[in-house]
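Residue-level structure breakdown
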Amino acid sequence: MADNAIGDMYKLLLCWRYLRTRWIALASVISVTLGVATMIVVNSVMAGFSHEMQTRIHGILSDIVFESHSLSGFQDPQWHIEEIERAAGDQIAGMTPTVAVPAMLSFQVRGQWVTRQVMFIGIDPRTHAQVSDFGQYLQHPTNREQLSFSLREGGYDTTDSQNPTKTPTRPALEHAGWPHRRMRVERERLWKERLETKKSAENKATRSVDQQVQDVLAATSPKDDSPETSSDVTEDGESRKNPFQTARPAQGRAMDPAKEQFTGIVPGIGLASFRNRQGVDQFLTLPGDDVKITFPTAGTPPKAVSDNFTIVDFYESKMSEYDSNFVFVPIDALQRMRGMIDPQTGIPSVNSIQIRLKPDAKLNEVRDRLREVFPSDLYAIATWRDKQGPLLSAVDMEMAVLNILLFLIIAVAGFGILAIFFMIVVEKTRDIGILKALGATSSGIAGIFLGYGLFLGLLGAGAGLVLGLSITYNINQIRLAVEWCTGSRVFDPSIYYFFQIPTIIDPVTIGWIIIGAIVIATGSSVLPAVRAARLHAVEALRHE
Amino acid sequence: MLETRQVCKQYQSGTTTLEVLRGVDFTLEKEGFLAVVGQSGSGKSTLLHVMGLLDAPDSGEVWINGRRIDNLPVREKDRLRNSSIGMVFQAYHLLPELTALENVLAPLLIRYGIFDWFTQRRAAQEKAEELLDRFGLSDRLHHRPRQLSGGEMQRVAIARALITDPQVLLADEPTGNLDEESGAGIIEALAELNQDKGLSIVLVTHDADIASQARGIVRLAAGIVDIMNSGAADSAA
């Protein structure tokens, strides 16, 4: 037999035996397991949330936004598009011009005016879909294929088309569109008839012919539907605010609201709806209703103008920041209303161009290329990440902080291993003496405990990996079970952007978690191992 | 074949210095069987520990087969303890997590790496089983120490000490925790090993009857050797 070798076999055997007989050490394995599992689940869920949010943000925003600093915008978007094409056309998939201005949206709900601050965005329905996932967020199936600002003859989704479970339900949208509009017109007509019948009955005996003529003229002439003049209360306190008052003459003739509409708009669904306790979406206004929007004109100083618009669809991106702020309108209508078309040349102005890049394009490189061509004092060129930088940075920071905190769980497990190993070294003092008497080296003795720590780390990390992946893959089923047990909602889709908890399992992240857990477990056994190695053989043998 | 020259060893206890060995000269011839006797505290176990390289002398020398070993590097001393020196203790000192067979194999498990073990495993196990069979423990191969009697544990310890074919066996009060009959059996086994296998043995005991079964006796008193019996013993002034 070899007379000069010192081997490792006894370390493996003793590590394995200690693992099987020292149950107290399994307590530290459990904490490593829980720490690893928790980190896997949290990282997967956070990655899922972050990815979903970025996908939605990116789906709404184009890759690069090219915009002017001024509300008046810049002239000749076509020339700008050609210049952008010349500078970075090899990486560009599509472009569309937009006009965006802050505005006030007003609509009536049961006779009361409701006003919301919005971002009024003029888009080109032919080219906007090239740069944005805008279309898929609309409520009418035909509009999702090709956006139109014309009111539809019904057919709006009565459930959330983006939710696989087809909830919540939206029964109010069943008759949205022209049916709803016609019904409102008919109700207005009947209301007017009732009012006039009542008036005529009251004044029948006392009115002169002239007064009767005046009354007829007054009843049939166009009315000013501004909020300030629409109040009208009867003697008995009944409000005479006409909730159906929308029509006004266009081009010298009375508009027939049952057959005609104003310029169509698509507001965010958050502006006009809310969800009740039963999970049904209630709408304050529907496609087919008319609203008023007040916005500034182009030019210096800007003036406030108002106009009527007809809601033709709703936009639902699941991002409340957009769903409660954006209102989309045809760009040419907005340009005309704001005076953004040069009366002499007919060349319109826009204040931004949305750019979508090809899949393999380099985002920052294209941005920087455009910044070299277009002066920064006139134009602001930013990527979608730049625009949402604070939000994305906040999410990244949250993830980083969470990971640090969760890693502390594993660090605590490491301290547990440290304490337990010190205890085992004391317990095994005599055995260490025996091993040294049999020729085991000090480093070999240390290796037993380091190996033990490594085994515990591998065992804990492995169990944590299995547990973490199991939870992650079944997280929505677990959520349902918890909600069933507790009777309360764990994950409310109305708060978050999605209906199921999204998860993304990243092998690299999981790899780092596993490695970190093993390093902590093994590292925690170093001090006890060194202590064991330094024991004096004779003193150890005498240990009681 | 085993020799100590003017070995001194002292221990510090607070401000007190305790001289346990004060210049011990000791010689064990090849195939010798010496008993080291003395009162409690005379330094018997300390001498054994120094000879077995478990403790280093403060001065003096330890030689084995003409080679000085007390000044070797730590690694070399570990190898010597593993291969050339077998030790048996009063408290048996078996590893409680290992079976009797694994305890006997322990020195080889320390010696072999993983690859070597898989090539040497069969031969090693056969030898261990043969040793345990010689000591009447063939039906105790897979018993843990807590399942063995004192005498059985001591025999396992002796088998463990022999598995590496050591040049010398150092036994420190091997019958101290055993009854008379078991103790006699152990001494008989040691005597047989010395007579039949020519194994050199140093036996530390406080029992005169047991000591008389050795071929020579060395008495330690206050850290100094007294010769009690001629033969393999040497004297020191």
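Residues numbered from 1 in each chain as written. Chains lettered and ligands numbered in written order. Predicted model: local features only at pLDDT ≥ 70, side-chain atom pairs only at ≥ 80, totals over all residues.

Moving on to the overall build of chain B. A tally of helices and strands in chain B yields seven helices and ten strands. The long-range fraction of contacts in chain B, counting pairs at least 24 apart against all pairs at least 6 apart in sequence, stands at 69%. (Helix = DSSP H or I, 4+ residues; strand = E, 2+ residues; numbered from the N terminus. Contact = placed C-beta atoms within 7 Å.)

Time to look at the overall build of chain A. Helices and strands together make up the secondary structure of chain A, namely 18 helices and 13 strands. Across the 544 residues of chain A, 37% fall into the buried class. Sequence-distant contacts, at least 24 apart, represent 78% of the contacts inside chain A between residues at least 6 apart. (Buried ≥ 20, exposed ≤ 12 C-beta atoms within 10 Å, placed from the backbone.)

For the rest of this paragraph, the subject is the sheet that holds strand β5 (residues 67–68) of chain B. Residues and elements named next belong to chain B. An order of β2-β1-β4-β5 is seen for the four strands of this open sheet, with the pairing classed as antiparallel. Of all strands in the sheet, those with a lone pairing partner are β2 (16–28) and β5, marking the two edges. Bridge count for strand β1 (residues 2–13) against β2 is ten bridges, and the pairing is antiparallel. In the sheet register, K9 faces β2, and the bridge partner there is L21. (Pairing = 2+ DSSP bridges.)

When you line up the elements, I434 of chain A lands in helix α13 (residues 429–437). C-beta crowding within 10 Å serves as the criterion here: with 26 such atoms nearby, I434 of chain A is assigned to the buried category. Sequence separation between I434 of chain A and V538 of chain A is 104 residues, and the spatial gap between their C-alpha atoms is 9.0 Å. With residues near it in sequence (within four places) discarded, I434 of chain A still touches L541 of chain A together with H93 and L95 of chain B.

On to the nonpolar core, then. V36 and A517 of chain A together with V36 and V202 of chain B are the most contacted members of the largest nonpolar core, which totals 122 residues. Residues contacting V36 of chain A, with those up to four places away along its chain left out, are I410, G460, A461, G464, L465, G468, I513, I514 and A517 of chain A. Within the second largest apolar cluster, 68 residues are counted, among which are A103, L147, I311 and V350 of chain A. (Core = buried A, V, L, I, M, F, W, Y, C linked by C-beta atoms within 7 Å.)

Now for the interface of chain B and chain A. Chain B puts 26 residues into the contact, and the matching count from chain A is 25 residues. Secondary structure elements with two or more residues in the side of chain B that touches chain A: α2 (74–83), α3 (100–111) and α4 (114–134) of chain B. Take the side of chain B that touches chain A: its biggest share by element is six residues, from α2 of chain B. Of the residues in the side of chain B that touches chain A, the class split is twelve nonpolar, six polar and eight charged. (Nonpolar A, V, L, I, M, F, W, Y, C, P; charged D, E, K, R; others polar.)

All names here are of chain A. For chain A, per-residue confidence averages 83 on the pLDDT scale, and 87% of positions sit at 70 or higher. The low-confidence segment residues 1–5 (pLDDT under 50) makes nine contacts with residues lying over four places distant or belonging to another chain. Here residues 221–251 is a poorly scored stretch, pLDDT under 50, and it has 40 contacts once near neighbours within four places are set aside; other chains count. (pLDDT = per-residue confidence, 0-100.)

All names here are of chain A. Counted at 1.5 Å a residue, the expected span for helix α16 (residues 507–524) with its 18 residues is 26 Å, and the 26 Å between its end C-alpha atoms agrees. For α16, the full list of buried residues reads I510, I513, I514, A517, I518, I520, A521, T522 and S524. Along its buried surface, α16 packs onto α2 (23–60), α12 (389–427) and α14 (442–473). (Expected span 1.5 Å × (residues − 1).)

A few words now on the confidence of the model for chain B. Residues and elements named next belong to chain B. On average, residues of chain B score 86 in pLDDT, and 95% of them reach the 70 mark or higher. The spread of mean pLDDT over the elements of chain B runs between strand β10 (residues 224–227), the lowest at 71, and α3, the highest at 93. Below pLDDT 50 for its whole length, residues 230–237 participates in 23 contacts with residues either more than four positions away or in separate chains. For this predicted complex, the interface score ipTM comes out at 0.90, while the overall pTM is 0.68.

Here the focus is the packing of helix α1 (residues 9–21) of chain A against α3 of chain B. Packing of α1 of chain A against α3 of chain B leaves a shortest axis separation of 6 Å and a crossing angle of 120°. In this view, α1 of chain A runs oblique relative to α3 of chain B, as classed from their interaxial angle. Of α3 of chain B, the residues touching α1 of chain A (which contributes M9, Y10 and L13 of chain A) are A106, L109 and I110 of chain B. Residues of the contact of α1 of chain A with α3 of chain B, tallied by class, amount to six nonpolar, no polar and no charged. (Axes fitted to C-alpha atoms, helices over the stretch in contact; angles between N-to-C directions. Parallel < 35°, antiparallel > 145°, perpendicular 65-115°, else oblique.)

On to the pairing of strand β9 (residues 304–311) of chain A, then. Residues and elements named next belong to chain A. With three bridges joining them, strand β5 (residues 263–267) and β9 adopt parallel strand pairing. The residue bridging I265 from the neighbouring strand is I311, located in β9. Two strands pair when backbone bridges link them, and strand β8 (residues 290–296) and β9 are joined in this way by seven bridges, in the antiparallel orientation. Along β9, the bridge assignment pairs P296 with A304.

A word on helix α6 (residues 180–197) of chain B. Residue and element names in this part refer to chain B. In a regular helix each residue adds 1.5 Å, so 18 residues correspond to 26 Å; α6 covers 25 Å between its end C-alpha atoms and thus fits that length. Packed against the buried residues of α6 are β3 (33–38), α5 (150–162), β7 (168–172), β8 (200–204) and α7 (208–211). At the C-terminal side of α6, G198 shows a positive phi close to 70°.

This brings us to the pairing of strand β1 (residues 64–68) of chain A. All names here are of chain A. Pairing geometry for β1 and strand β12 (residues 352–357), over four bridges, is antiparallel. Note on β12: the bridge partner recorded for V65 is Q354. With five bridges connecting them, β1 and strand β13 (residues 379–383) associate as antiparallel partners. Looking at β13, one finds that F66 is bridged to I381.

Residues and elements named next belong to chain B. Phi at L53 is positive, roughly 65°, even though this residue is not glycine. By secondary structure assignment, the location of L53 is in the loop between α1 (44–51) and β4 (59–64). Since 25 C-beta atoms lie within 10 Å of it, L53 is described here as buried.

The next thing to look at is the packing of α5 of chain B against α6 of chain B. Residue and element names in this part refer to chain B. Viewed as axis vectors pointing N to C, α5 and α6 meet at an angle of 15°, and their least axial separation amounts to 9 Å. By the angle between their axes, α5 is roughly parallel relative to α6. You can see that α5 and α6 cross each other, and the crossing is right-handed. On α6, the residues touching G150, G151, Q154 and I158 of α5 are S182, G185, I186 and A189. Broken down by class, the residue content of the contact of α5 with α6 amounts to three nonpolar, five polar and no charged. (Left-handed = near helix turned anticlockwise from the far one by under 90°.)

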